Every structure is written in structure tokens, then in C-alpha cells.
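So the chains spell out like this:
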There are 2 protein chains.
Amino acid sequence: MTGLQAPLARPRNGTAPSPDSAGEVLVARLAGFVPLSPDDRTALSQLARRETYVPAHMDLVHEGEATDSAFLVLEGIACRYVENAAGARQILALLLPGDLCDTDLGHLTQWDHGIAALSPCQVARVPRTKLEGLIATHPAVTQAFRLAKLEAEARSRNWLAALGICRATERLTRVLCEILDRLHAVGLSGPSDCPLPLTQMDLAECIGTSSVHVNRTLQELRRSGTMELKGGRLRILDRAGLEALNGHRRPPLPNV
Amino acid sequence: MTGLQAPLARPRNGTAPSPDSAGEVLVARLAGFVPLSPDDRTALSQLARRETYVPAHMDLVHEGEATDSAFLVLEGIACRYVENAAGARQILALLLPGDLCDTDLGHLTQWDHGIAALSPCQVARVPRTKLEGLIATHPAVTQAFRLAKLEAEARSRNWLAALGICRATERLTRVLCEILDRLHAVGLSGPSDCPLPLTQMDLAECIGTSSVHVNRTLQELRRSGTMELKGGRLRILDRAGLEALNGHRRPPLPNV
DNA sequence: CGGGCGATTGATGAACGTCAAACGACGTGG
DNA sequence: CCACGTCGTTTGACGTTCATCAATCGCCCG
């Protein structure tokens, strides 16, 4: 998976990135929830100003550290994570282009997890005051943010359930399908094919296994002809086959 | 653990429960976040009207079903859960007395998980309109709800991380300590001793293992002298010993 | 060309699931 | 009062899933 890292961003026309294109991905994401007026769209584009480059493996927020700004992911993949005393890391959620990652803990207590770039990222720091101003004046945007948050919570529940119930094969296919579907939703990939700049170790920390086991599981998936992860690209070849693969050890129904 | 089910509620003076006592536990919970005025307190007590009894294992909200009211748990233990096609169940979060469980999905999509009583419960259904009325008029209560939600999210992240990183022993001790601490926080137990009306199967569905393994893990904990779960009561005898138990297989620090 | 990172492979063992049986504490109906 | 059924706990035997350790390989980059 080394090299060949596709940028995980829209192809830009011309060599210089146009200043407007950065915010497009946020608009694309939120417009999936609520119709947005032209005014809403330009206001959202303002949030993507002040974008900064973040190399892979760099922390955006450390555990225990407070912040007064949110992050908007423009390119690349970041994550929320927790690390324990022994150095093991669990990834809680993936942050893909178009995701706005709030760092609000409402002064409840210490910030309890970290945020880090998994691949090289372009992010924009959005001061919370600016965010609140936007919310106060653009009800459609507010509603879209609310729905995006609810969706993130639903994904988190799904993730937790998968960790508790599913074997490694299904946990892995779920994560990979989730990434593809989310990228597809903001127009950054086709329906069955996307760049995937994650290492097998990253995937292992997503699904709570060792990287060795991820490797073997990926081989199993390749052999089954259902998906393929090679050279930094993910290809899902047979979605129906995936479900069959995951369900095919299912015991007969519990009773009656 | 059969029989001897302590009611998991404040001892009431006299035989007839006084109508006000029901809401006390909600006030106790929220007052832990924000100082509440007498007016706030009486308003909160109103929410506990219309309490209903729910037998163990009964669903409060089915997967896929929408609701226009929230639940307030007054007595007993309920949970959010997900069930897969094979009949396996993963518990996402525990709902203890004083917890207000919103069922708002904001019309995002279908309700994606279920809510069920694990032990016999007293719950109050709170119409969403009533809740919104309260929020509009009592800022301190609003802030307390917000903080309670943030705390629940933090717990959910912790839970997810534990599933991914920790062995069964630590996952189990974490859940048990969490229950004790939360009950203690609302005055329903001492600091090291509480009623625990859950089966080993329930605990298994919390930590993502089989009930057989929960049984053996509990025996290990009993033998170690750190905690004891017997006759529906949980006793934590040695918190420091617990951490030592969980960390005692810790490898030397990763690098340097 | 060497160095480093990540992918791959094999061998071994620990953690945990599954199945099946027995056991204990109830509550119920006779 | 006792026999019986139910539910939850406990135990043993066995198989699977997965972690761990260590070595190798491929690839890119300086």
C-alpha cells in the first residue's frame, strides 16, 4: 500500500487549487441532508478558509488538551482514537473529507480522546465563535449539522455493535464498505472503487485486532473475489457475496 | 443471582411511595452537573409523573419504531441494544435510575437500535413537547441535560475502546465499576457495594463475550479478592487490586 | 546502494466460543 | 407439604479465533 497514494480529493482543473473548491466537499456532504440555498453554500465555503496541511500520524488534538476550534477535514483521512497505558490504540471513528469534527466537551471534564491524521490531510480549523455565528444565522445549515451529528452517533453505535458481535472478517468488511460509501456520498469515489490511504495497522486499530490478522483477513477477502485492497486502492467487487461470506456460518435460528 | 432482587431505589419511608420521591433521582443526577434552583427541581419532578412498571426483558422501543416521547428511568436497569440476524445481542449502553433516554433521531432515518428493560423497571414516559417546554424555560436544566448527554457520549467512547483493546477481565471490571459509580452518584448505593439485578448473560452482552466466559471471569475476580458478585449484590473490595489485575500483563513500554 | 516502512508468512500459544450436562434456587400446582 | 418446571449458574471437554514473535520480502526514497 506504499506509494501511489491517491490524494482523496476532487480532481482540480488546472494546477493551482481554486480557493472555492476546498469548501465544496463540506457543501456536498451537508446538502445530502437538507437543501441548501446559495447563501448557505457560500457561508459554508467561508469555513474552509485557513486550510493547513497535516502530515500522516500527526495529532490534531491530544488527549487532555482543550481547544476552542473545530476541525473540518478537506482531504485525507483522520480519526478519533483512544490509547491505553500499554500503548494499544483503538480508533473510535473515521473523519473523512467533508466531516466537521467538533471538539466541544462543554467544560464537562478533560478531553477524553485524541484526534490524529491517518494519512496526509488538508484540514481547516474553524473557530467555535465562527461556527456559532453561522448556526445563529443559517437555520438550514444548523439542521444539517444536527443531522450529520446524529448520523455520526448512529455510525458509532454500529461500530460498537460490530466490535461486540462480529468476527474479524465482518468487522473489516464493514469498515471498508463504510469508507467507500461515505466517500461516494461526497463525490470522491465511484460506487465500488476508491483510494484508501490506510495501512493495515490503521485498519487493525479500527476493528480491534492485530495487523497480522488484518493481513490474513484481506487475503481471505481477495481469494473470495468479493473485495480487493491493493496499491492504496479499495475495490468492492461483490457486495452480495460479502454478506453471504459474513453470514454463511450463521447457526440455525435459535428456537422453534 | 435469583431472588433477593433489591429494588435499586431509595428506601422509602412508610409503605406508600410518596409521589415526589420518584423524581428525586433525576434531580440528584442533574444536580451533579449544575446547581439547580428549587423551581428547577419541582419542574423536573413533574417529568416523573405517569410512571409505569416494565417487567424484565420487555422492549421499550423496538428497532425500526419511532416515538414521540423520551424515557426517564426511575428504578431498575434498562439498556440500549442492537441485535443481529443471527440473534446475537450487543448492549450499547446501560440506562440507570436518573437517566433520561432520548429517542430523538431527528427524522434522520429509521430508529436503529432497541431499548429494553434488563431488570424490572419503573419508567416515566416524557412527551417530547413537555421536554422542550422545560428546556425553553429552565436554562440550568438545559445545561444539565447537555452535560449529561456529553457524559453519556464519553462513556460510549470508553465502552467502544474497551471492546477493542481490553481482555474480558478488564471489560467486565470496567462495566461493573461503572454501574457502581453511577448508582453511587445518585445516592442509590454505597461506594463499594450495590444491588445488581443483571444476569451473567446480560453482562456477557455488555462486554461482547459468552455468558460462560463471564462466569469464569467472575470466579477469577472472586478468587483474586478484588470483587464479588453474589446473590444479586456487587461488592468491590479492592479497587487498586483491580487495576493491578488488569495491568499486570502489561508489556514493557513500546519504545525507549 | 542501503535504510526504512509496510506487507507477508510461518509457528506457537493464549483467549475465548460452543456444546452438553448438572446443579441450585426459586415458584407453582397438586 | 412435596413434586416438578423454569431460569440462571456452574463445570468440563473440545474446537476456533486470534495474538504474538520473528523472519522475510517488496517497494520507494534518499
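Residues numbered from 1 in each chain as written. Chains lettered and ligands numbered in written order. Predicted model: local features only at pLDDT ≥ 70, side-chain atom pairs only at ≥ 80, totals over all residues. Heavy atoms only, no water.

- Looking up chain A in an unreviewed UniProt entry gives the name Transcriptional regulator, Crp/Fnr family, with the organism given as Methylobacterium organophilum.

Quick look at the overall build of chain A
Next, step 1: Each helix and strand counted, chain A has eight helices and eleven strands in total.
Next, step 2: Taken over 256 residues, chain A has a buried fraction of 49%.
Next, step 3: The long-range fraction of contacts in chain A, counting pairs at least 24 apart against all pairs at least 6 apart in sequence, stands at 70%.
Next, step 4: Accessible surface, chain A: about 12100 Å² in total, of which carbon and sulfur atoms supply 54%. (Helix = DSSP H or I, 4+ residues; strand = E, 2+ residues; numbered from the N terminus. Buried < 20%, exposed > 50% of the residue type's maximum accessible area, 1.4 Å probe, protein only. Contact = heavy atoms within 4.5 Å. Areas by Shrake-Rupley, 256 points an atom, 1.4 Å probe, with all protein chains shown as cover.)

Here's the deal with the state of the cysteines
Next, step 1: Scanning the entire structure with this criterion turns up zero disulfides over all chains.
Next, step 2: Cysteine 79 of chain A supplies the cysteine sulfur nearest to cysteine 206 of chain A, a cysteine that is in no disulfide, at a spacing of 7.2 Å.
Next, step 3: You can see cysteine 166 of chain B has no disulfide; the closest cysteine sulfur is in cysteine 177 of chain B, sitting 12 Å from it. (Disulfide = S-S within 2.5 Å.)

Concerning the relation of the copies chain A and chain B
A rotation about an axis combined with a shift along that same axis relates the two copies of the chain.
Next, step 1: The two copies are related by a screw operation: chain A maps onto chain B through 180° of rotation and 0.0 Å of translation along the axis, at an RMSD of 0.0 Å. On the angle and the small slide along the axis, the relation comes out as a two-fold axis. The C-alpha atom lying nearest the rotation axis in chain A is that of leucine 160 of chain A; the distance is 2.7 Å.
Next, step 2: When you check the interface residues of chain A against chain B, 97% turn up at the interface there too, and the contact is symmetric in its surfaces. (Least-squares fit on C-alpha atoms with pLDDT ≥ 70 in both.)

What about the protein's contact with DNA strand D?
Next, step 1: Near DNA strand D you find 18 residues, and of these Thr209 of chain A together with Gln200, Asn215, Arg216 and Gln219 of chain B are the closest.
Next, step 2: Protein-adjacent atoms of DNA strand D, using a 4 Å cutoff, are sugar or phosphate at a proportion of 65%.
Next, step 3: At a separation of 3.4 Å, a sugar or linking oxygen of DNA strand D approaches a polar side-chain atom of arginine 167 of chain A.
Next, step 4: Here a phosphate oxygen of DNA strand D and a backbone polar atom of alanine 168 of chain A are 3.0 Å apart.
Next, step 5: Put simply, the parts of the chain that give the surface near DNA strand D at least two residues each are α7 (211-224) of chain A together with α7 (211-224) of chain B. (Near = heavy atom within 4 Å. Polar contact = N/O pair within 3.5 Å; in protein donor to acceptor, adjacent residues only side chain to side chain.)

Some points on the sheet that holds strand β1 (residues 51-54) of chain A
All names here are of chain A.
Next, step 1: Pairing is antiparallel across the open sheet formed by four strands, whose spatial order is β1-β8-β3-β6. Of all the strands in the sheet, the pair left with one neighbour each is β1 and β6 (100-101).
Next, step 2: Relative to strand β8 (residues 121-127), β1 runs antiparallel, the two being bridged by four bridges. Directly across from threonine 52, in β8, lies its bridge partner valine 123. (Pairing = 2+ DSSP bridges.)

Some thoughts on the packing of aromatic side chains
Next, step 1: One pass over the structure, following the stated rule, counts zero aromatic pairs over all chains.
Next, step 2: One residue, arginine 89 of chain A, lies across the ring of tyrosine 81 of chain A, its end atom 5.2 Å from the ring centre. (Phe/Tyr/Trp six-rings, centres within 6.5 Å; stacked < 30°, edge-to-face > 60°. Lys NZ or Arg CZ within 6 Å of the ring centre and 35° of its normal.)

Some thoughts on unusual backbone geometry
Residues and elements named next belong to chain A.
Next, step 1: The backbone phi angle of histidine 57 is positive, close to 70°, even though this residue is not glycine.
Next, step 2: Mapped onto the secondary structure, histidine 57 falls in the loop between β1 and β2 (59-61).
Next, step 3: Histidine 57 gets classed as exposed once you look at its relative accessible area, which sits at 59%.

A look at the UniProt feature "domain: HTH crp-type" (unreviewed entry) in chain A
Next, step 1: Those places that UniProt annotates as "domain: HTH crp-type" (unreviewed entry) correspond, in this numbering, to residues 166-240 of chain A.
Next, step 2: Across residues 166-240 of chain A, helical content stands at 56% and strand content at 15%; the span's end C-alpha atoms are separated by 18 Å. (UniProt positions renumbered as here; feature names shortened; annotations may be inferred.)

Focus on a positive patch on the surface
Residue and element names in this part refer to chain A.
Next, step 1: On the surface, a cluster of positive charge is contributed by Arg49, Arg50, Arg125 and Lys130.
Next, step 2: Here arginine 49 shows up in the loop between α2 (38-47) and β1.
Next, step 3: Given the relative accessible area of 42%, arginine 49 is considered partly exposed. (Patch = residues over 30% accessible without salt bridge, like charges linked within 9 Å, V, L, I, M, F, W, Y side chains within 5 Å. Salt bridge = Lys/Arg side-chain N within 4 Å of Asp/Glu carboxyl O. Lys, Arg positive; Asp, Glu negative; His and termini not counted. Charge placed at Lys NZ, Arg CZ, Asp CG, Glu CD.)

Observations concerning the packing of helix α4 (residues 139-165) of chain A against helix α5 (residues 168-185) of chain A
Residues and elements named next belong to chain A.
Next, step 1: In contact at an axis separation of 10 Å, α4 and α5 are set at 160° when each is read in the N-to-C sense. Put simply, α4 runs roughly antiparallel to α5. Crossing hand, α4 versus α5: left-handed. Of α5, the residues touching α4 (which contributes Arg155, Asn158, Trp159, Ala162 and Leu163) are Arg171, Arg174, Val175, Glu178 and Arg182.
Next, step 2: Split into classes, the residues belonging to the contact of α4 with α5 amount to four nonpolar, one polar and five charged. (Axes fitted to C-alpha atoms, helices over the stretch in contact; angles between N-to-C directions. Parallel < 35°, antiparallel > 145°, perpendicular 65-115°, else oblique. Left-handed = near helix turned anticlockwise from the far one by under 90°. Nonpolar A, V, L, I, M, F, W, Y, C, P; charged D, E, K, R; others polar.)

Quick look at the packing of α5 of chain A against helix α6 (residues 200-207) of chain A
All names here are of chain A.
Next, step 1: With their axes 10 Å apart at the nearest point, α5 and α6 run at an angle of 110° to one another. Regarding the angle of α5 to α6, the classification is roughly perpendicular. On α6, the residues that touch Ala168, Arg171, Leu172, Val175 and Leu176 of α5 are Leu203, Cys206 and Ile207.
Next, step 2: Along the lines of polarity and charge, the residues of the contact of α5 with α6 split into seven nonpolar, no polar and one charged.

Regarding the pairing of strand β3 (residues 69-75) of chain B
Residues and elements named next belong to chain B.
Next, step 1: Of all the seven residues making up β3, seven are buried; the element is thus mostly covered by neighbouring parts of the structure.
Next, step 2: Here β3 pairs with strand β8 (residues 121-127) via six bridges, running antiparallel. From the neighbouring strand, leucine 72 faces β8, where its bridge partner is alanine 124.
Next, step 3: As defined by bridge partners, β3 adjoins strand β6 (residues 100-101) across two bridges and the pair is classed as antiparallel. Counted as the bridge partner of phenylalanine 71 is cysteine 101 from β6.

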